[in-house]
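A closer look at the structure
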There are 2 protein chains.
Amino acid sequence: MDQRRSPSASERKRDPERTRALLLEAAAAEFGAKGYAATRTTDIAARAGVNKQLISYYFGGKEGLYKELATSWHGTAAEMASAEQPLGTVLAGFVHTTLTDHGRLWAWSNLAEDSPPTDEAFLRAQVEQMRERQEAGELPADLDPGLLLLALMAAASAPLTLRHTARQITGEDPATPEFATKYAEQLASLVRHLSRRT
Amino acid sequence: MDQRRSPSASERKRDPERTRALLLEAAAAEFGAKGYAATRTTDIAARAGVNKQLISYYFGGKEGLYKELATSWHGTAAEMASAEQPLGTVLAGFVHTTLTDHGRLWAWSNLAEDSPPTDEAFLRAQVEQMRERQEAGELPADLDPGLLLLALMAAASAPLTLRHTARQITGEDPATPEFATKYAEQLASLVRHLSRRT
DNA sequence: GATTAAGTCAACCCATTGGTTGACAAAGCA
DNA sequence: TGCTTTGTCAACCAATGGGTTGACTTAATC
């Protein structure tokens, strides 16, 4: 039999792929929760259930691990991008992704001084979509599509970026799927008001 | 003559009030720029032009200094609050305050896990104002006033919370007053669309 | 089966960092 | 004018935290 992939990959004693993945996952959670500076490599290793030296071994240290994450999260963003769905649906998807570890990571990196290498193509495509929606009459045509996108993205990530403020306003924990759903509906309703000519 | 306040307070060799103020100001800048965890007490002291031991002397350490700031910034927020100005004006004020050191500090603390003791009364008042605006027909009545406030606050702080994203979308530095002004105008225009029945 | 390569870990290392100590100087007070 | 209090600083200290070392173990190769 083929010994190249026998012990089912998760039962094996040693499994580099798996270890790497565990570290990345743990790192996303830790970085997302506390931000880069406040995150301890020891905590990442502990969460991954692995020796902390392996961070150096696989990623060349804390910073390397962080950068690896920073460049990998674009996939997450991209999947919700596309399509000609109604704007409300797109926003709803965005609201929910802000509650993932990668979403939190994105928020932290946006505040930090050093520029993270975010995917420009994705943003450009989104701006273009805004313009199309304006032409289709779904959104007011007198607004700058870029700034409009910015405002909507910011609004959609409110449960993340204004977490404590949101909690104080609503009395609920904004980091729950239920809240996200409710909030997304409100946003959808809001953008509907932007197009509707009553 | 009264020696209690003679050397004009800024020329004196020793001036506790001034030192405290210098430290608070420097701390706001440093914390705002890098966040709590990444800020070094040495940097704060250096920026204030003062010995770092004085942080312990006056505030009982790094954390004490941070908390002092956290509880003091509400004044900043409150001043822009009130009034029956048009919503666009209020938002514009908010956009600009997000670019101050205190604004940045607020953003960081919103992301951090530990809850900062933000001023609840202020938020409640703002929610109430939203409701009034809805009743006055300035805003759609079918939206939850709290969530609406949240969305608008988030949108207004986009140049701050989505700094890098904003830069990539627009190609400009969102941390400039010029950008803030332009962005605020767009927001005003946007909320105008929310009320207008064309 | 022996040899090599790859993966993992416990222990150690040392730069950084927040905080403290003790000397000392300016200001208030008798 | 001397004594005390308050403000300030340079030097020092202990703890933390990221990174490295070297031993060891599993797995692939000959």
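Residues numbered from 1 in each chain as written. Chains lettered and ligands numbered in written order. Predicted model: local features only at pLDDT ≥ 70, side-chain atom pairs only at ≥ 80, totals over all residues. Heavy atoms only, no water.

1. Quick notes on the overall build of chain A
Stated formally: Secondary structure is summarised from DSSP: a helix means a run of H or I of at least four residues, a strand means a run of E of at least two, and numbering begins at the N terminus for each. Under the scheme applied here, a residue whose accessible area is under 20% of the maximum for its type counts as buried, over 50% as exposed, and between as partly exposed, the area being computed with a 1.4 Å probe on protein chains only. By the convention used here, residues are in contact when the closest approach between their heavy atoms is within 4.5 Å. For the area figures, the Shrake-Rupley method with a 1.4 Å probe applies, and any residue is considered shielded solely by the protein chains shown.
Secondary structure assignment for chain A yields twelve helices and zero strands. Order of helices (α) and strands (β) in chain A, N terminus to C terminus: α-α-α-α-α-α-α-α-α-α-α-α. Out of the 198 residues belonging to chain A, those deemed buried represent 48%. Taking contacts inside chain A between residues at least 6 apart in sequence as the whole, the part at least 24 apart equals 64%. When the accessible area of chain A is evaluated, it comes to approximately 9,700 Å², of which 51% is carbon and sulfur surface.

2. Regarding the protein's contact with DNA strand D
Threshold: Consider each residue's heavy atoms; a residue with any of them within 4 Å of a molecule or strand counts as near. The definition of a polar contact used here is a pair of N or O atoms within 3.5 Å, where within protein one atom must be able to donate a hydrogen and the other to accept one, and adjacent residues in sequence count solely through side-chain atom pairs. Residues are grouped as follows: Ala, Val, Leu, Ile, Met, Phe, Trp, Tyr, Cys and Pro are nonpolar; Asp, Glu, Lys and Arg are charged; all remaining types, including Gly, are polar.
Around DNA strand D lies a shell of 21 residues, among which A:Arg14, A:Lys52, B:Arg14, B:Thr19 and B:Tyr58 are the nearest. In DNA strand D, atoms within 4 Å of the protein come 53% from sugar and phosphate. Contacts to DNA strand D include B:Tyr58, whose side-chain N or O atom sits 2.5 Å from a phosphate oxygen. Elements with a contribution of two residues or more to the surface near DNA strand D: α3 (53-59) of chain A together with α1 (16-34) and α3 (53-59) of chain B. When residues of the surface near DNA strand D are assigned to their parent elements, the largest contribution, four residues, is made by α3(B). Looking at side-chain class alone, the surface near DNA strand D contains five nonpolar, eight polar and eight charged residues.

3. Here we look at the relation of the copies chain A and chain B
For clarity, the cut-off: The copies were overlaid with a least-squares fit restricted to C-alpha atoms from residues scoring a pLDDT of at least 70 in each copy.
Mapping chain A onto chain B leaves a residual RMSD of 0.1 Å; the transformation is a rotation of 180° accompanied by 0.0 Å of translation along its axis. As the rotation angle and translation indicate, the two copies are arranged about a two-fold axis. Closest approach to the rotation axis within chain A is made by the C-alpha atom of A:Ala155, at a distance of 2.4 Å.

4. Considering the protein's contact with DNA strand C
Surrounding DNA strand C, one finds 21 residues, the nearest of these being A:Arg14, A:Thr19, A:Tyr58, B:Arg40 and B:Lys52. Close to the protein, within 4 Å, the atoms of DNA strand C are drawn from sugar and phosphate at a rate of 54%. Within the contact set of DNA strand C, a phosphate oxygen lies 2.7 Å away from a side-chain nitrogen or oxygen of B:Arg40. Separating a phosphate oxygen of DNA strand C from a backbone N or O atom of B:Lys62 is a distance of 2.8 Å.

5. Looking at the packing of aromatic side chains
All names here are of chain A. The condition is simple: By convention, a stacked pair of Phe, Tyr or Trp rings (six-membered ring in the case of Trp) has centres within 6.5 Å and planes under 30 degrees apart, an edge-to-face pair has planes over 60 apart, and any other such pair is tilted.
Applying the stated rule across the entire model yields 15 aromatic pairs over all chains. An angle of 70° between the planes, with centres 5.0 Å apart, marks the rings of Tyr36 and Tyr66 as edge-to-face. Of this pair, Tyr36 sits in the loop between α1 (16-34) and α2 (41-48) while Tyr66 sits in helix α4 (residues 62-72); the two residues are 30 residues apart in sequence, bridging distant segments of the chain. You can call Tyr36 partly exposed: its relative accessible area is 30%. Aromatic pair Phe179 and Tyr183: ring centres 6.1 Å apart, planes at 10°, arrangement stacked. Of this pair, Phe179 and Tyr183 both sit in helix α12 (residues 177-195), four residues apart, which is roughly one turn of that helix. Each member of the pair Phe179 and Tyr183 is classed as buried.

6. Observations concerning the pattern of salt bridges
Residues and elements named next belong to chain A. Basically, it comes down to this: Salt bridges are defined by distance alone: a side-chain nitrogen of Lys or Arg within 4 Å of a carboxyl oxygen of Asp or Glu.
Using the criterion set out here, one finds 24 salt bridges over all chains in the structure. Of the charged contacts, one joins Lys67 and Glu63 as a salt bridge, the two residues approaching to 3.0 Å between their closest N and O atoms. With Lys67 and Glu63 both in helix α4 and four residues apart, the pair spans about one turn of that helix. Salt bridges linked by common partners bring Glu30, Lys34, Asp43 and Arg47 together as one network.

7. Regarding the packing of helix α9 (residues 145-156) of chain A against helix α11 (residues 163-170) of chain B
We count it as follows: Between N-to-C directions, angles span 0 to 180 degrees; the directions come from axes that are lines fitted to C-alpha atoms, helices contributing only their stretch in contact. Any angle from 65 to 115 degrees is called roughly perpendicular, while one under 35 is roughly parallel, one over 145 is roughly antiparallel, and all others are oblique. We call a crossing left-handed when the near helix sits turned anticlockwise from the far one by less than a right angle, and right-handed when that turn is clockwise.
Two numbers describe how α9(A) lies on α11(B): the axes approach to 9 Å, and their chain directions differ by 160°. In terms of orientation, α9(A) and α11(B) fall into the roughly antiparallel class. Taken as a pair, α9(A) and α11(B) cross one another with a handedness that is right-handed. Across the interface between the two elements, A:Gly146, A:Leu147, A:Leu149, A:Leu150 and A:Met153 from α9(A) touch B:Thr165, B:Ala166, B:Ile169 and B:Thr170 from α11(B).

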